[in-house]
Amino acid sequence: MNTIIHLIEKENNSIYIKREDLIPFSFGGNKARKAALFFDEIDKGSFDTVVTYGSSSSNHSRVVSNMAFQKGMECHIISPEESSYETYNSKLMKKMRANIISVPVESVSKTISLKMESLQNEGKRPFFIPGGGHGNIGTQAYVDCFQEILKYEEENKIKFDYIFLASGTGTTHAGLVCGNLINDRKMKILGISIARKNPFGRKVIIDSIKEYLESKKLNFDEKYIQDSTVFLDDYIAGGYGKYDEDIVETVNDNIRKYGIPFDLTYTGKAYNGMKKYIKQNDLKNKNILFIHTGGTPLFFDFLNND
Ligand SMILES: *Cc1c(COP(=O)(O)O)cnc(C)c1O
C-alpha cells in the first residue's frame, strides 16, 4: 500500500499527501499500520486475548478491536472515563464486542496490570498492546513507511525536502526519523504536536528513537539524533481535541477542494499547522509530503457536531 498523491502546486511549493487513511482495514490510518505488526507478533505466540488502552475516540482502539474480532480473540480496552463520550470509534468498538473498562485516568495503569493478571488466572493468554501502538513495534511500522516513501521518490524521480505529520504519542514520528537516519537521507521531518508541549513531547520521541536504534544495535551520534527530531508545539490550539476556526476551515477546505477527509484532533490540526509553518518560514520551491495518518471516523464526528 503506497498511495502518495500530488495534491497542489502552491506558492511555488509542491504538496504531496501519503494516504495512510486508505490502508484497507477498518478505515486505515497509522494505527492500522502499527496494529498489523502487533498482530504479526501475536500470531507467533499462542495468545487468545488482547488488552489495550485508549479513549472512546481512539483510532487505535477501533482498529485493535476489529483485528481481534477478525481473529476470534477477546478484546479488553481500558478507557479513561474522563473521555468516554460516544463517537463513531466507540460505536465501532462496541460493534466488535470489545469489553470497555472505564476508569479514572489515574487508575489506568493499575487496572491494566490487574486485568492482565485476572485473565491469566482464568487460564487465558492475554497480549498487551500499549496505547497508540507505542513501542518498537509501532516505530518499526513507520520505518517501513519511510521505505515506501523512498521507493516512491525513486519511481517518480523526485526528492522530498520536507515531511509533515501529526505527532501524538510519538512512534509514527520516531519511525520516520529512524528511517531518515538509517538511510542517511537527511529530509527535514517536522512533527506537528497535536497536544503535548516541549520539552516533554520531544523527549518521548527521542526516547522511542533511541530504544528502536538500540534494539537494532545501531549507533548514531547524539547530536545527529537531536538535530533530526523537530517537534513543533506552536499549533496545538489549546490541547488534545481542542481546535480553532482555522482548523475547522482547513478540514472544510480539504474535503471540498480535494475530497479528502481530515479531522479536528489530528490531521486537520497538523495540516493547518503545516500551512502556517510554510508561510511563517517562507518555504519556496520545496517538495513537501504530508502524511495523512487517518482518523476517518473522526471526520464523521466532526460532521455530526458541525
Ligand atoms: C494516533 C494518531 C496520530 C498520532 O500518532 P502517534 O504515533 O501517536 O504520534 C496521528 N493521527 C491520527 C489520525 C492518529 O489516530
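Everything numeric in this text was worked out from a predicted model, so none of it was measured. (Residues numbered from 1 in each chain as written. Predicted model: local features only at pLDDT ≥ 70, side-chain atom pairs only at ≥ 80, totals over all residues. Heavy atoms only, no water.)

### Regarding the overall build of the protein chain
And then number 1: The helix and strand inventory of the protein chain stands at 11 helices and 10 strands.
And then number 2: Radius of gyration (C-alpha) of the protein chain: 19 Å, near the 19 Å computed for a compact globule of 306 residues.
And then number 3: With the C-alpha coordinates of the protein chain rotated into their principal frame, the extents come out at 60 × 50 × 35 Å.
And then number 4: Burial status across the protein chain gives 55% buried among its 306 residues.
And then number 5: Here the analysis covers contacts within the protein chain between residues at least 6 apart in sequence; of these, 75% occur between residues at least 24 apart.
And then number 6: When the accessible surface of the protein chain is split by element, carbon and sulfur atoms take 50% of a total near 13800 Å².
And then number 7: Distance between charge centroids for the protein chain: 1 Å, based on 40 positive and 39 negative side chains. (Helix = DSSP H or I, 4+ residues; strand = E, 2+ residues; numbered from the N terminus. Rg over C-alpha atoms; globule rule 2.2 N^0.38 Å. Buried < 20%, exposed > 50% of the residue type's maximum accessible area, 1.4 Å probe, protein only. Contact = heavy atoms within 4.5 Å. Areas by Shrake-Rupley, 256 points an atom, 1.4 Å probe, with all protein chains shown as cover. Lys, Arg positive; Asp, Glu negative; His and termini not counted. Charge placed at Lys NZ, Arg CZ, Asp CG, Glu CD.)

### A few points about the site of the ligand
And then number 1: Taken together, 15 residues sit near the ligand, with Lys 31, Gly 168, Thr 169, Thr 172 and Thr 293 positioned nearest.
And then number 2: Taking Asn 59, its side chain carries an N or O atom lying 2.7 Å from an oxygen atom of the ligand.
And then number 3: Expressed as a share of its isolated accessible area of 380 Å², the protein-covered part of the ligand is 97%.
And then number 4: Those elements giving two or more residues to the shell around the ligand turn out to be α1 (30–44), β7 (162–167) and α6 (171–182). (Near = heavy atom within 4 Å. Polar contact = N/O pair within 3.5 Å; in protein donor to acceptor, adjacent residues only side chain to side chain.)

### Section: unusual backbone geometry
And then number 1: Looking along the chain, the bond that leaves Asn 198 and enters Pro 199 is cis, with omega of 0°.
And then number 2: Its place among the elements puts Pro 199 in the loop between β8 (188–193) and α7 (200–215).

### Examining α1
And then number 1: A rise of 1.5 Å per residue sets the reference length of α1, with its 15 residues, at 21 Å; its end C-alpha atoms lie 22 Å apart and thus fit the reference within 8%.
And then number 2: Along α1, the positions that sit buried rather than exposed are Asn 30, Lys 31, Ala 32, Arg 33, Lys 34, Ala 35, Phe 38, Phe 39 and Ile 42.
And then number 3: Against β2 (13–19), β3 (49–53), α2 (59–70), β6 (126–129), α5 (136–156) and α6 lie the buried residues of α1. (Expected span 1.5 Å × (residues − 1).)

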